[in-house]
Amino acid sequence: MVMEEAMDGEMSLSNMVLGFFEEAELERWPENDGGDDDEGSCGGDTAESKAFWETQHSQLHEALAKTSPSESRIRADTAEAIKDMRTAAGAACSCTGRPAAGECRRCMLRHVAERLRDAGYNSALCKSKWTRSPDIPSGEHSYVDVVVQTRSGKAARVVVELSFRAEFEVARASAGYRALVAALPEVFVGRADRLRAVVKVMCAAAKQCMKENNMHMGPWRKHKYMQSKWLGTTERAVVDATPAAAAIAPAAPPAAVVTVGSPEKQTKFRASMLSFDFARTAVEVV
């Protein structure tokens, strides 16, 4: 399963590696028939379990249903960019030089960022990185975001994740968890606060799934790890908009790099003449 998804380009390299770890953990901690482990003794057919999954479904539906006109436009333009990329004849992957750029996640992310920027959005390639802690391993994740203006005039981030559903897939998941994953969009486009609500629901569901199946939960499934992918410290590389982007040409070098701090804090821009040159401007956001 992991290898098939990796070949289809739906999983990042880190997800593929963690997927292999997860399958190894399943071999080490196989499902049992409800032994004496108190933590895993709660089966999936109890009234308490059914109530939990019903609540998770309701909360997920509520979180995914919230949107705005700007998010809807970005969602439609993203879908169009993905469609064009996958159907373009002879599009070469800029990473390997081989055909089938539509199956390369890195090329797809760059193409979507360029297309959105050509359409007038303040879009960028983003890479989040986090260090190891006692709870989770270190990691990194790439995605696209768009900065929009809210009705109050404040700036808000709209996250564009091209393989959102795959980020939450779990081997040997329970029926309740599989139903939640199936309800997720393949491509997520939404503001950071809406994404935060979805991640919270799915991570609580993953924890319950592991508990009901008497399975060990890998640290890469924890809420803190998953939230770090999109809602932690991010390096934002703005790609120049060019007419060639619409023709799926190799991307131009990033025009600027911005480090975005915690989403919980008010974003403030600070620039220094010491970090300025005529080719590129480095702006640090704290």
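Description of the structure in this document.

Rules used throughout
Residues numbered from 1 in each chain as written. Predicted model: local features only at pLDDT ≥ 70, side-chain atom pairs only at ≥ 80, totals over all residues. Heavy atoms only, no water. Helix = DSSP H or I, 4+ residues; strand = E, 2+ residues; numbered from the N terminus. Contact = heavy atoms within 4.5 Å. Buried < 20%, exposed > 50% of the residue type's maximum accessible area, 1.4 Å probe, protein only. Pairing = 2+ DSSP bridges. Expected span 1.5 Å × (residues − 1). Arc of directions from axis to C-beta. Salt bridge = Lys/Arg side-chain N within 4 Å of Asp/Glu carboxyl O. Axes fitted to C-alpha atoms, helices over the stretch in contact; angles between N-to-C directions. Parallel < 35°, antiparallel > 145°, perpendicular 65-115°, else oblique. Left-handed = near helix turned anticlockwise from the far one by under 90°. Phe/Tyr/Trp six-rings, centres within 6.5 Å; stacked < 30°, edge-to-face > 60°.

Topologically, Gln56 is positioned in helix H3 (residues 47-65). Those residues in contact with Gln56 that sit more than four places away from it in its chain are Leu180, Val201, Ala204 and Ala205.

As a further point, take the pairing of strand E5 (residues 234-239). Counted residue by residue, E5 has five buried out of six residues, so it is predominantly covered. Sheet topology note: the strand E1 (residues 122-130)/E5 ladder contains four bridges and is antiparallel. Pairing of Lys127 across the sheet is with Glu235, part of E5.

The next subject is helix H4 (residues 69-87). In an α-helix there are 3.6 residues to a turn, and that puts residues three or four apart on one side. The end-to-end C-alpha separation of H4 is 27 Å, in line with the 27 Å expected for 19 residues at 1.5 Å each. For H4, the set of buried residues is Ser70, Glu71, Ile74, Thr78, Ala81, Ile82 and Met85. Down the axis, H4 shows its buried residues gathered within 100° of arc, on one side only. Of the exposed residues in H4, the ones pointing more than 90 degrees away from its buried face are Pro69, Lys83 and Thr87. Where H4 is buried, its residues meet helix H5 (105-118), strand E2 (139-149), strand E3 (155-161), strand E4 (188-191) and helix H7 (192-212).

Scanning the model with the defined rule gives nine salt bridges in all. In this structure, Arg86 and Glu186 form a salt bridge, with 4.0 Å as the shortest nitrogen-oxygen distance. Placement of the pair is Arg86 in helix H4 and Glu186 in the loop between helix H6 (175-183) and E4, with a sequence separation of 100 residues. Overall, Arg86 belongs to the partly exposed group, its relative accessible area being 42%. When the shortest N-O distance is used, the salt bridge between Lys127 and Glu140 registers 3.6 Å. With Lys127 in strand E1 and Glu140 in strand E2, the pair connects residues that are 13 residues apart, well separated along the chain.

Attention now goes to the packing of H7 against helix H8 (residues 223-231). Packing of H7 against H8 brings their axes to within 10 Å, and their N-to-C directions diverge by 160°. Judged by the angle between their axes, H7 and H8 are roughly antiparallel. Where H7 crosses over H8, the two elements pack in a sense that is right-handed. On H8, the residues touching Ala192, Leu195, Arg196, Val199, Lys200 and Cys203 of H7 are His223, Met226, Gln227, Trp230 and Leu231.

To describe a pair of aromatic rings, one takes the distance between the centres and the angle between the planes. With the rule as written, the count across this model stands at six aromatic pairs. Aromatic side chains Phe52 and Trp53 sit 5.0 Å apart centroid to centroid with 80° between the ring planes, which places their arrangement in the edge-to-face category. On the basis of relative accessibility, which here comes to 7%, the residue Trp53 falls in the buried class. Between Phe164 and Trp230, the ring centres sit 5.7 Å apart and the planes meet at 50°, which makes this aromatic pair tilted. Of this pair, Phe164 sits in the loop between E3 and H6 while Trp230 sits in helix H8; the two residues are 66 residues apart in sequence, bridging distant segments of the chain. The exposure classification of Phe164 matches that of Trp230, with both residues buried. Chaining the aromatic ring pairs together yields one cluster made of Phe164, Phe168, Phe188 and Trp230.

For the pair H3 and H7, interaxial distance at closest approach is 9 Å and the crossing angle is 160°. The angle between H3 and H7 places the two elements in the roughly antiparallel class. For the pair H3 and H7, the sense of crossing is left-handed. Across the interface between the two elements, Ser49, Phe52, Trp53, Gln56, Gln59, Leu60, Ala63 and Leu64 from H3 touch Arg194, Ala197, Val198, Val201, Met202, Ala204, Ala205, Gln208, Cys209 and Glu212 from H7.

Attention now goes to unusual backbone geometry. A positive phi angle, near 55°, is found at Arg172, a position not held by glycine. For Arg172, the location among the structural elements is in the loop between E3 and H6. When its relative accessible area of 42% is taken as the criterion, Arg172 is described as partly exposed.

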